[in-house]
Amino acid sequence: MTFWTYRRRDNLVGYLFVAPALLGSLAFVLIPLGMVGWYSLNEWNVLGGTFEFIGTENYERLLADEKLRESLVATAWFATGLMVLNLSLALLLAVLLNQKLRGTTLFRTLFFSPVLVSLVAWTLVWQLMLQPEGSVNGLLGLFGADGPNWLRGETTAMVSVVVVQVVKNAGLNMVLFLAALQGVPASLYEAAKIDGAGPWTRFLRITIPLISPTILLTSIITIVGSLQVFAQIAVLTQGGPGTSTTVLIYYLYQQAFQFHHFGYGATISVLLFVIVAALTLLQWRMRRRWVLHES
Amino acid sequence: MSRKVALYGLLCLLCVPFVFPTWWMVTSSMKPISEIFSESLLPSEWTFSTYSQVFRMQPFGQQYWNSLYIAVIVTAGTMAVAAMAGYAFARIRFPGQNALFVVVLTGLLIPSEVTIVPLFRFFQSLGLTNTHWPLIIVPVLGAPCVLAIFIMRQFFLALPPELEEAARMDGLGRAGIFCRVALPLARPALGAVAIFTFLHSWNLYLEPIVYLSTPDMYTLPQALTQFVDIYGGPMWNVQLAAATMTAVPVLVVFVLAQRQFIEGLAHTGVKG
């Protein structure tokens, strides 16, 4: 009997295999997160070269910060609008493409294509199309409507950034929904038909419950993703007009890297972390309650 | 019959916002600047001068190379790290496994933007700002890799153990089983990981603008926003030419390999 039994060797291989991921998580996720917590307790101005411990002052500032409140409102509108529009559009497209119809592969390709267009390229094109004399208003003009200056009005700017992001990524959720729809057994629909259920009832009572795991997965991906939307905002609106599209991540960027308030930037990071963690945990809990077929 | 016509009509209508921007990006990049705001679907006269202008205004070839090689290294690195960790967490039993998995999973809860301030300071203290190291190391080992590990773990969990048992009977060790049995079977999941990772790296924007400061180090997303005239106004048609060169190759690769692409993605969605 040697020391290196199969079991021992197996353990060693296990540790070696997870070592890169584990060390990476420590070095680039957990330790930096701890440091963010520490920074948030300090006043740190990079330009002034000052770094001093101020306790909870940054957090008091956070609570009193009017701009931060506006930024949270913008973030909430953005995330909600994005999730509702993205998921309903993706589900609609998936249901349409799930019909027996020639050419669905072509349409699937077309709906998916924006996912692959480089993000900043996509955003620049929309920026041009959303100019007052751009093609969006040109199209509206064909129907006799007078389009606004999309990126300069508070509401229209928010609508614009949401729509640009939804069209960019709806194809991804569409593909996931399509796969889920194809996994619903046809026999269930047949049985419901015999029982006299109409198409709408079949959709609500069979399709939705059976694809609920995918709805949950896509909603987590979409809402957590919405909190990380930076490039679109930076290119399209720079958070404006006013603070109407200054989502939290953009406000963090402004504070830390434009105004060089690293300490306060770290405090906003802590807030962002708390929000993302809370949302994710909430959605995992909901999964237990209403998602079907959870093993 | 009329139902079919209605369906096609609806699909075509819904297609417009998805297809028009790309169409318009490509065609308008070849329009003379005077036509940039016209609604015409095609240029009245085709010009390619914008394309040479792209290369005159920025070291665009260098920037293209930067984006490409970073994305390739990050994709290969992530596939390796995620496949190994995913396999070990799913298949090997070792003490402390679950606790270690939870430690790794916390990365899912932490958007990389949260940790960018300390990471910036860390790389600055090593003298690695304005190099590509942060854009390679952090995605391969840090938070962006966690989703890939999760996908790989889910895949290996669903793999029937009998295949590995047979290989073990034949005297293959763990590493051998991983390389010769498990990994070849994992191609769909690896494909999905590769797509996700490549696009993530290709699109990265906040990190490059935080870390990089000279044009010859820039990556494409950052370079695209630099085509401005001396007053800081955007030079639309040059931007569109650069955007077209950034977007079209990826689209072409996708059209050629779309079955593997979409099935790989759908696969992870169902299993995840």
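No experiment lies behind these values; they were computed from the predicted model shown. (Residues numbered from 1 in each chain as written. Chains lettered and ligands numbered in written order. Predicted model: local features only at pLDDT ≥ 70, side-chain atom pairs only at ≥ 80, totals over all residues.)

Our next topic: the overall build of chain B. The number of helices and strands found in chain B is 14 helices and 0 strands. When the helices and strands of chain B are listed from N to C terminus, the series reads α-α-α-α-α-α-α-α-α-α-α-α-α-α. The buried share of chain B, reckoned over its 272 residues, is 44%. Counting contacts in chain B only where the partners sit at least 6 residues apart, residues at least 24 apart contribute 73% of the total. (Helix = DSSP H or I, 4+ residues; strand = E, 2+ residues; numbered from the N terminus. Buried ≥ 20, exposed ≤ 12 C-beta atoms within 10 Å, placed from the backbone. Contact = placed C-beta atoms within 7 Å.)

Turning our eyes to something else, we now look at the overall build of chain A. What chain A contains, in helices and strands, is 13 helices and 2 strands. For 295 residues, the compact-globule formula gives about 19 Å, and the C-alpha radius of gyration of chain A, at 24 Å, lies well above that figure. Residues classed as buried in chain A amount to 41% of the 295 residues present. In chain A, of all internal contacts separated by at least 6 residues, the share reaching a separation of at least 24 is 70%. (Rg over C-alpha atoms; globule rule 2.2 N^0.38 Å.)

It is worth spelling out helix 5 (residues 116–125) of chain B at this point. Helical geometry: 3.6 residues make up each α-helical turn, so side chains three or four residues apart lie on a common side. The set of residues buried in helix 5 of chain B consists of B:Ile116, B:Val117, B:Pro118, B:Leu119 and B:Phe123. Positive phi shows up at B:Gly127, right after helix 5 of chain B, with a value of about 70°.

Where interface size is quoted, it is often the accessible area lost as the parts come together. Domain annotation for chain A reports domain 1 (1–30) and domain 2 (67–290). Its C-alpha centre places domain 1 of chain A at a distance of 39 Å from the equivalent point of domain 2 of chain A. (Domains from an automatic or database assignment.)

Another point: the UniProt feature "transmembrane region" (unreviewed entry) in chain B. Under the UniProt annotation, "transmembrane region" (unreviewed entry) lies at residues 68–90, 99–120, 132–156, 177–199 and 236–257 of chain B. Structurally, residues 177–199 of chain B is divided into 96% helix and 0% strand, and its ends, taken at the C-alpha atoms, are 30 Å apart. (UniProt positions renumbered as here; feature names shortened; annotations may be inferred.)

Once that is clear, we can look at the interface of chain B and chain A. Each partner contributes residues to the interface: chain B has 74 residues there, and chain A has 77 residues. No other element matches the 13 residues that helix 1 (residues 2–28) of chain B contributes to the side of chain B that touches chain A. Classifying every residue of the side of chain B that touches chain A gives 57 nonpolar, 13 polar and 4 charged. (Nonpolar A, V, L, I, M, F, W, Y, C, P; charged D, E, K, R; others polar.)

Before going further, it helps to spend a moment on the UniProt feature "domain: ABC transmembrane type-1" (unreviewed entry) in chain B. When the UniProt feature table is mapped to this numbering, "domain: ABC transmembrane type-1" (unreviewed entry) covers residues 64–257 of chain B. When the span residues 64–257 of chain B is considered, its composition is 75% helix and 0% strand, and the gap between its end C-alpha atoms is 22 Å.

Further remarks concern the nonpolar core. A:Val125, B:Ala85 and B:Met152 are the most contacted members of the largest nonpolar core, which has 154 residues in total. Per element, the largest residue contribution to this core is 15 residues, and it comes from helix 7 (residues 154–182) of chain A. Counting contributing residues per domain, this core is built from domain 1 (1–30) and domain 2 (67–290) of chain A, each supplying no fewer than three. Those residues in contact with B:Ala85, other than ones at most four positions away along the chain, are A:Phe17, A:Val18, A:Ala21, B:Val104 and B:Ile149. (Core = buried A, V, L, I, M, F, W, Y, C linked by C-beta atoms within 7 Å.)

This part covers the pairing of strand 1 (residues 42–45) of chain A. All names here are of chain A. Across 4 bridges, the pairing between strand 1 and strand 2 (residues 50–53) is antiparallel. Bridging across to strand 2, Asn42 finds its partner in Phe53. Counting the residues that bridge the hairpin from strand 1 to strand 2 gives 4 residues, and of these Gly49 lies at a positive phi of roughly 70°. (Pairing = 2+ DSSP bridges.)

In the contact formed by helix 1 (residues 6–39) of chain A and helix 4 (residues 97–109) of chain B, the axes pass within 9 Å of each other and the chain directions differ by 50°. Considering their axes alone, helix 1 of chain A and helix 4 of chain B lie oblique with respect to each other. In this structure, helix 1 of chain A meets helix 4 of chain B at a crossing whose hand is left-handed. Touching A:Val18, A:Ala21, A:Leu22, A:Ser25, A:Val29 and A:Leu30 of helix 1 of chain A are B:Leu100, B:Val103, B:Val104, B:Thr106 and B:Gly107, all from helix 4 of chain B. Along the lines of polarity and charge, the residues of the contact of helix 1 of chain A with helix 4 of chain B split into 8 nonpolar, 3 polar and no charged. (Axes fitted to C-alpha atoms, helices over the stretch in contact; angles between N-to-C directions. Parallel < 35°, antiparallel > 145°, perpendicular 65-115°, else oblique. Left-handed = near helix turned anticlockwise from the far one by under 90°.)

Residues and elements named next belong to chain A. Structurally, the position occupied by Thr218 is in helix 10 (residues 212–226). Exposure remark for Thr218: the 23 C-beta atoms within 10 Å place this residue in the buried category. In this structure, the C-alpha to C-alpha distance between Thr218 and Leu106, residues 112 residues apart in sequence, is 23 Å. In this view, Thr218 contacts Leu87, Asn173 and Leu176; residues no more than four positions away in its chain are not counted.

Once that is clear, we can look at the confidence of the model for chain B. Scored by pLDDT, chain B has a mean of 87; 96% of the residues are at 70 or more. Interface scoring of the predicted complex returns ipTM 0.84; its pTM is 0.86. (pLDDT = per-residue confidence, 0-100.)

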